[in-house]
Amino acid sequence: MIKKMEETKKIIVTRNLLEANRLLAEKVRKRCAEEGIFLVNLVSSPGSGKTTLLERIAERMKDEKIAVINADIETDRDRQRIEKKGVKAIQLETKGECHLEAFVIEQVMNELYGKGYRYVFIENIGNLICPTEFDIGEHLRVLLLSIPEGDDKPRKYPLAFRTSHVLLITKIDLLKFLQYDIERVEKEALSLNPEIKIFKISSLTGEGIDEFITHLKNARKRCMS
């Protein structure tokens, strides 16, 4: 009986925490929209290519005012890479936390409001589990899945696909070297989330990057209209 009561309390506390996070995320989303900021949350496993993608975006979106929030367990290496592209970057070191929550984004965004930013990209912590449970106020959640990770991930990590607006299949320049059923990935992703938009990209060759940026710009227009 005691164990069952403890489990019930744990469920209630978790639900309360998620609900509090959701309410704060809505506040962040609304404030960003008022400021004209389109907030993009990048979610993926470590090594899928988030930082390299952001470097390519920075090169191609020089006509836009963008900022990046880099999150990692340790180091500010990603911030250094982004700043070399002439983009404002803020590093978050979580010291062990495996995901970002809305209250952290609210605090960081206070540094960016009122400065004319049009896009803010959040490079979430590399993890396909914890970050997918937390709305952090984003207008667009982008899931990256790289070719070297294998083609079995949609069914293994369904929540990541169900909660994302966009799927980027990255590092497609490696397709010729690895056994990878890209049609299987697309089919399973769409079975989990029929609304998800899928782009196949390579940050090395540039393939698919411009198409994704066009989608970003159109999504911002819809959000701000």
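Higher on the page you've got the structure.
Reading the values: the criteria
Residue positions within a chain follow its written sequence, with the count starting from 1. The model is predicted, so local features are restricted to residues of pLDDT at least 70 and side-chain atom pairs to those at 80 or more, both for listing and for counting; the totals for chains, interfaces and linings are taken over all residues. Only hydrogens and water are set aside when side-chain values are computed; all heavy atoms of the structure are taken into account. Each helix is a run of DSSP H or I of at least 4 residues and each strand a run of E of at least 2, with the numbering of both proceeding from the N terminus. We compute the radius of gyration from the C-alpha atoms alone; for a globule the expected value is 2.2 Å times N to the 0.38, where N is the number of residues. Summary of the burial criterion: residues with accessible area below 20% of their type's maximum are buried, those above 50% are exposed, and those between are partly exposed, where the area comes from a 1.4 Å probe applied to protein chains only. What sets the accessible areas is the Shrake-Rupley method with a 1.4 Å probe; for residues, cover comes only from the shown protein chains. Charge assignment in this entry is limited to Lys and Arg as positive and Asp and Glu as negative, and neither His nor the chain termini are counted. Working definition for charges: the position is that of NZ of Lys, CZ of Arg, CG of Asp or CD of Glu. For two strands to count as paired, DSSP must find a minimum of two bridges between them. Fitted lines through C-alpha atoms serve as axes, helices being fitted only where they are in contact, and the angles separating the N-to-C directions of these axes extend from 0 to 180 degrees. The criterion used for residue contact is that any of the two residues' heavy atoms lie within 4.5 Å. Any angle that falls under 35 degrees is termed roughly parallel, while one over 145 is termed roughly antiparallel, one within 65 to 115 roughly perpendicular, and all others oblique. Note on residue categories: nonpolar means Ala, Val, Leu, Ile, Met, Phe, Trp, Tyr, Cys or Pro, charged means Asp, Glu, Lys or Arg, and polar means any other residue, Gly included. Between Lys or Arg on one side and Asp or Glu on the other, a salt bridge is scored when a side-chain nitrogen of the former is within 4 Å of a carboxyl oxygen of the latter.

> Please set out the overall build of the protein chain residue by residue, giving values where relevant.
What the protein chain contains, in helices and strands, is 8 helices and 7 strands. Taking 2.2 N^0.38 as the reference for a compact globule, 225 residues should give roughly 17 Å; the C-alpha atoms of the protein chain span a radius of gyration of 18 Å, in line with that estimate. With the principal axes as the frame, the protein chain shows a C-alpha extent of 60 × 45 × 35 Å. Looking at the 225 residues of the protein chain, the share that counts as buried comes to 49%. By element, 51% of the accessible surface of the protein chain is carried by carbon and sulfur atoms, the whole surface being about 11700 Å². Between the averaged position of the 39 positive side-chain charges in the protein chain and that of its 36 negative side-chain charges there is a distance of 2 Å.

> Mind laying out the sheet that holds strand S3 (residues 88–93), listing which residues take part and the relevant values?
The strands making up a sheet associate through backbone hydrogen bonding, with each pair oriented either parallel or antiparallel. Spatial ordering of the open sheet is given by S3-S2-S4-S1-S5-S6-S7, a layout of 7 strands whose pairing is parallel. The sheet terminates laterally at S3 and strand S7 (197–200), the two strands that pair on one side only. Mean inter-strand twist for the sheet, computed between neighbouring axes without regard to direction, equals 20 degrees. Each of strand S1 (38–44), strand S2 (66–72), S3 and strand S4 (119–123) touches helix H4 (residues 102–109); the most contacted strand, S3, lies at about 145 degrees to it. Strand contacts of helix H8 (residues 209–224): S1, S4, strand S5 (140–146), strand S6 (166–170) and S7, with the helix running at about 135 degrees to S1, the strand carrying the most contacts.

> Can you explain the packing of helix H2 (residues 50–60) against H8? Please cite residues and give values.
Closest axis-to-axis distance for the H2/H8 pair is 11 Å, and the angle between their directions is 75 degrees. The pairing of H2 with H8 is recorded here as roughly perpendicular in orientation. Residues Leu53, Arg56, Ile57 and Arg60 of H2 form the contact with H8, whose participating residues are Ile209, Asp210, Phe212, Ile213 and Leu216. Tallied by class, the residues present in the contact of H2 with H8 amount to 6 nonpolar, no polar and 3 charged.

> So, the environment of Ala20: which residues are in play, and what are the values?
With respect to the secondary-structure elements, Ala20 resides in helix H1 (residues 2–35). The class for Ala20 is partly exposed, based on a relative accessible area of 45%. Between the alpha carbons of Ala20 and Phe103 there is a distance of 9.6 Å; along the sequence they are 83 residues apart.

> Pulling in residues and values, what's your account of the pattern of salt bridges?
Per the counting criterion, the structure on display carries 21 salt bridges. Across the pair Asp63 and Lys217 runs a salt bridge whose closest N-O atoms are separated by 4.0 Å. In this pair, Asp63 is assigned in the loop between H2 and S2 and Lys217 in helix H8, connecting sequence segments 154 residues apart. Put simply, Glu26, Arg29 and Asp135 are held in one network by salt bridges that share partners.

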